[in-house]
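Listed here are the chains, written in short residue letters.
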Amino acid sequence: MIYKHIKQIDTSKDFILPCRKNELEKVKTLLPLSKPDFDGEFLSYQLLYGKDGNRIYLLGLGEEKHSARLEEAFRKLCFDTNKYWDKTIQVYAENLTEDETRKAVIGLEMAQYAIGEFKSEKEKQNQFTVTISSSKSIKKIIDEGRETGLTINKIKALVDAPPNIKTPEFLGKWAKKSAKDANYKSTVLKQKELEKQGFKAVLSVGKGSVNKPVVIINEYYGASNKKVDICLVGKGITFDSGGLSIKPSTNLHYMKSDMGGAAVVLGAVELVAKLKLNINIVGIVCSAENAVDANSYRPGDVIESYSGKTIEIIDTDAEGRLVLADGLSYAVKNLKPDYLIDLATLTGSVVRTLGYEAAGMFTHNQEMASIMSDIGYKVHERVWQLPMFEEYKSDLHSDIADLRNFSGKPLTGATNAAQFLESFTEEHKNWMHLDIAGVSFGSSPYAKMKSASGYGIQLITEFIKQKAVK
Ligand code: BES
Ligand code: ZN
Ligand code: ZN
């Protein structure tokens, strides 16, 4: 979609008229009748016709508390009604704040996401020009919203992609193309290089698949120095069968989404580069397929890792923490970032704890936790802090190796995984782990089966924005 800023709305053409709950009064001069049946309830909309036969969509923005997910209102309206629209649709943004205008654009762009990429007959996609009317200067906000929406759609397409296509190598190619388009550097380490550099845990997890593992290192230097401000590490398991500790077959197909953390990392670096933020960011993606094969790593194996630590494998389904361990070790040893954040669809335990409403947040840095929590509310990609008490650490004990990858107990699974990761951070003061297993992929009104949510792009990009020099 093309977005343009206009100063004034043309009331003889189609337009969207956003309206808060019980605030019809504020837009009454633009209404074709004095009292439409409309109270501005969040996600509700009402079509009225102007005297020129033009469409006026009254769009309910609800109450203050709905601001954080305002994109949903625009997304739903656009998704439901765009088949009726002419080439141009106007949005009356005079009463919207900058954040709300950005969210309006994100929502309109999100409605363009086409999930049926692999259908023989593609659904017809209408292309529109959206003109946004405001007397304020909002060009930058519109551009930001558009780039954010586009990135969200791109990472959703990655997470929804089938695992026979979305191999680790495919993610590497995606990164290379993105780096070229958005002007940053991407290095894709393949088998030989991983062996040479010692990514032994990544290699162990990938042993059972013909689709060989890769580690992707995306570097964006937008500040004037070369210091790495923030390093993101993402779990990129392109399909998690569980390995020899095989998962049950119900819903197994959804384990194509086990690279949701990687998708956020890939998308966030791309977006930050497109927005040309004044900050240095490195995104690391550790990608492998956890497959069942004669060559698969086994429960009982003791494997090595990038850090030199040995790990006893109790369950090959606890593979995410293994690939992340190497990514985190690489980051602390070679990049020494100010902030180190990993994102992963890491445990079923976090889904049982927080459901689909918040990511599990783990850190020893309360200031960072508080900032991330505030941003989470603001962009409606919420996080909830879970404990990492010293006492839980005995669950990582192995008699024969430095640590084990699973306690064997049906308790505190998300915390155990977080503390396993912590062992590879060299006590980094600004490390945070986000377990996004419940929020990255799930049900929505826009698809009949579970699908990617796009969670994390706004959260992480906003965190980066706050750390960037203005
Ligand atoms: N990829 C899964 C976690 C997951 C579960 C993601 C549900 C999305 C939805 C992860 O690799 C896994 O299998 N974790 C196990 C760990 C256990 C064997 C220690 C789990 O949480 O059950
Ligand atoms: Zn697993
Ligand atoms: Zn997994």
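These numbers were taken from a predicted model, which means no experiment stands behind them.

**Notes on the site of ligand 1**
1) Next: Near ligand 1, the surroundings consist of 16 residues, among which Asp240, Lys247, Asp317, Glu319 and Gly348 are the closest.
2) Next: At 2.8 Å from an oxygen atom of ligand 1 is found a side-chain nitrogen or oxygen belonging to Lys247.
3) Next: A distance of 2.6 Å is found between an oxygen atom of ligand 1 and a backbone nitrogen or oxygen belonging to Gly348.
4) Next: For ligand 1, the accessible surface in isolation is 520 Å², of which the surrounding protein chains cover 81%.
5) Next: Each residue belonging to the shell around ligand 1 can be placed in one class, and the counts come to five nonpolar, three polar and eight charged.

**Comments concerning the coordination of the zinc ion (ligand 3)**
1) Next: Note on the zinc ion (ligand 3): its protein donors are Lys235 (NZ), Asp240 (OD), Asp258 (OD) and Glu319 (OE). The metal-donor distances range over 1.9 to 2.4 Å.
2) Next: Here the zinc ion (ligand 3) is ringed by six donor atoms whose angles at the metal span 77 to 173°, and the overall shape comes out octahedral.
3) Next: Counting the intervening residues between successive donors of the zinc ion (ligand 3) yields the motif K-x4-D-x17-D-x60-E.
4) Next: Taken as an interatomic distance, the gap from the zinc ion (ligand 3) to the zinc ion (ligand 2) is 3.2 Å; Asp240 donates to each of them. With a gap of 18 residues between them, Asp240 in strand 9 (residues 230-240) and Asp258 in the loop between strand 9 and helix 7 (260-274) connect regions that are remote in the sequence. In this structure, Asp240 and Asp258 share a single accessibility class: buried.

**Remarks on the packing of aromatic side chains**
1) Next: Throughout the structure, instances matching the rule amount to ten aromatic pairs.
2) Next: Here the aromatic rings of Tyr306 and Tyr330 are separated by 5.8 Å at their centres, their planes lie at 70°, and the arrangement is edge-to-face. With Tyr306 in the loop between strand 11 (302-303) and strand 12 (311-312) and Tyr330 in helix 8 (residues 320-335), this residue pair connects regions lying 24 residues apart in the sequence. Each member of the pair, Tyr306 as well as Tyr330, carries the same accessibility label: buried.
3) Next: Seen in terms of ring centroids, Phe420 and Phe424 are 5.3 Å apart; in terms of plane orientation they differ by 40°. Their pairing is tilted. In terms of burial, Phe420 and Phe424 fall into one category: buried.
4) Next: Chaining the aromatic ring pairs together yields one cluster made of Tyr57, Trp85 and Phe128.
5) Next: For Lys226, the ring lying beneath its charged end belongs to Tyr221, and the centroid distance is 4.2 Å.
6) Next: One residue, Lys309, lies across the ring of Phe424, its end atom 5.5 Å from the ring centre.

**Overview of helix 7**
1) Next: With 15 residues, helix 7 should cover 21 Å at 1.5 Å per step; its first-to-last C-alpha distance of 21 Å lies within 8% of that length.
2) Next: Across the 15 residues of helix 7, 14 count as buried, placing the element largely inside the fold.

**Brief notes about empty space enclosed by the protein**
1) Next: What the rule picks out here adds up to one cavity of 30 Å³ or more.
2) Next: Estimated volume of the largest cavity: approximately 50 Å³.
3) Next: Contributing to the lining of the largest cavity are Ile155, Lys156, Val159, Gly260, Val264, Ser440, Ala452, Ser453, Gly454 and Tyr455.
4) Next: Counting residues per element, the ones that place at least two in the lining of the largest cavity are helix 3 (139-160) and helix 7.
5) Next: In terms of residue count, the dominant contributor to the lining of the largest cavity is helix 3 (three residues).
6) Next: Classifying every residue of the lining of the largest cavity gives five nonpolar, four polar and one charged.

**With respect to the nonpolar core**
1) Next: Counting residues in each nonpolar core, the largest one holds 59 residues, and the members touching the most others are Ile341, Leu434 and Ile460.
2) Next: Sort the elements by how many residues they give to this core and helix 7 lands first, with ten residues.
3) Next: Not counting the four nearest positions on each side in its chain, Ile460 is found in contact with Leu232, Val264, Ala268, Ile341, Leu343, Met372 and Leu434.
4) Next: In this structure, Val202, Cys231, Ile313 and Leu403 belong to the second largest nonpolar core, which totals 49 residues.

**What about the sheet that holds strand 11?**
1) Next: Sheet architecture is open: three strands sit in the order 11-12-16, paired in mixed fashion. Of all strands in the sheet, those bounded by a partner on one side alone are strand 11 and strand 16 (403-404).
2) Next: For strand 12 and strand 16, the ladder comprises two bridges, and the chain directions are parallel. By the bridge assignment for strand 16, Glu312 is matched with Arg404.

**Details of the pattern of salt bridges**
1) Next: Tallied over the full model, the rule gives 35 salt bridges.
2) Next: Here Glu100 ties to Arg20 by a salt bridge, and the two come within 2.5 Å at their closest N and O atoms. Taken together, the positions of Glu100 in helix 2 (residues 98-110) and Arg20 in strand 2 (residues 15-20) put the pair 80 residues apart, joining distant regions of the chain.
3) Next: For Glu100, a relative accessible area of 8% corresponds to the buried category.
4) Next: Glu41 is paired through a salt bridge with Lys21; the nearest N and O atoms lie 3.7 Å apart. With Glu41 in the loop between strand 2 and strand 3 (45-49) and Lys21 in the loop between strand 2 and strand 3, this residue pair connects regions lying 20 residues apart in the sequence.
5) Next: Three or more residues are tied together by salt bridges with common partners; here these are Asp99, Arg102, Lys140, Glu144, Lys378, Glu462 and Lys465.

**Some remarks on the coordination of the zinc ion (ligand 2)**
1) Next: Protein coordination at the zinc ion (ligand 2): the donors are Asp240 (OD), Asp317 (O), Asp317 (OD) and Glu319 (OE), at 2.0 to 2.2 Å from the metal.
2) Next: Read N to C, the donor residues that coordinate the zinc ion (ligand 2) are spaced as D-x76-D-x1-E.

**A few points about the packing of helix 3 against helix 7**
1) Next: Where helix 3 meets helix 7, the closest approach of the two axes is 9 Å, and the angle between their N-to-C directions is 155°. Taken together, the axes of helix 3 and helix 7 are roughly antiparallel relative to one another. At the point where helix 3 passes helix 7, the crossing takes the right-handed sense. Residue-level inspection shows Glu147, Thr148, Thr151, Lys154, Ile155, Leu158 and Val159 of helix 3 in contact with helix 7, the latter providing Gly260, Ala263, Val264, Leu266, Gly267, Glu270, Leu271 and Lys274.
2) Next: Considering only residue class, the contact of helix 3 with helix 7 consists of seven nonpolar, four polar and four charged.

What counts, and at which threshold
Residues numbered from 1 in each chain as written. Chains lettered and ligands numbered in written order. Predicted model: local features only at pLDDT ≥ 70, side-chain atom pairs only at ≥ 80, totals over all residues. Heavy atoms only, no water. Near = heavy atom within 4 Å. Polar contact = N/O pair within 3.5 Å; in protein donor to acceptor, adjacent residues only side chain to side chain. Areas by Shrake-Rupley, 256 points an atom, 1.4 Å probe, with all protein chains shown as cover. Nonpolar A, V, L, I, M, F, W, Y, C, P; charged D, E, K, R; others polar. Donors = N, O, S within 2.8 Å, 3.2 Å for Na, K, Ca; no water. Tetrahedral: all angles 85-135°; square planar, octahedral: opposite > 155°, others 65-115°. Helix = DSSP H or I, 4+ residues; strand = E, 2+ residues; numbered from the N terminus. Buried < 20%, exposed > 50% of the residue type's maximum accessible area, 1.4 Å probe, protein only. Phe/Tyr/Trp six-rings, centres within 6.5 Å; stacked < 30°, edge-to-face > 60°. Lys NZ or Arg CZ within 6 Å of the ring centre and 35° of its normal. Expected span 1.5 Å × (residues − 1). 1 Å grid on protein atoms, 1.4 Å probe; cavity = no way out; pocket = protein on both sides within 12 Å on 5 of 7 lines; lining within 4 Å. Points joined across faces, edges and corners; volume = space filled by probe spheres on them. Core = buried A, V, L, I, M, F, W, Y, C linked by side-chain atoms within 4.5 Å. Contact = heavy atoms within 4.5 Å. Pairing = 2+ DSSP bridges. Salt bridge = Lys/Arg side-chain N within 4 Å of Asp/Glu carboxyl O. Axes fitted to C-alpha atoms, helices over the stretch in contact; angles between N-to-C directions. Parallel < 35°, antiparallel > 145°, perpendicular 65-115°, else oblique. Left-handed = near helix turned anticlockwise from the far one by under 90°.

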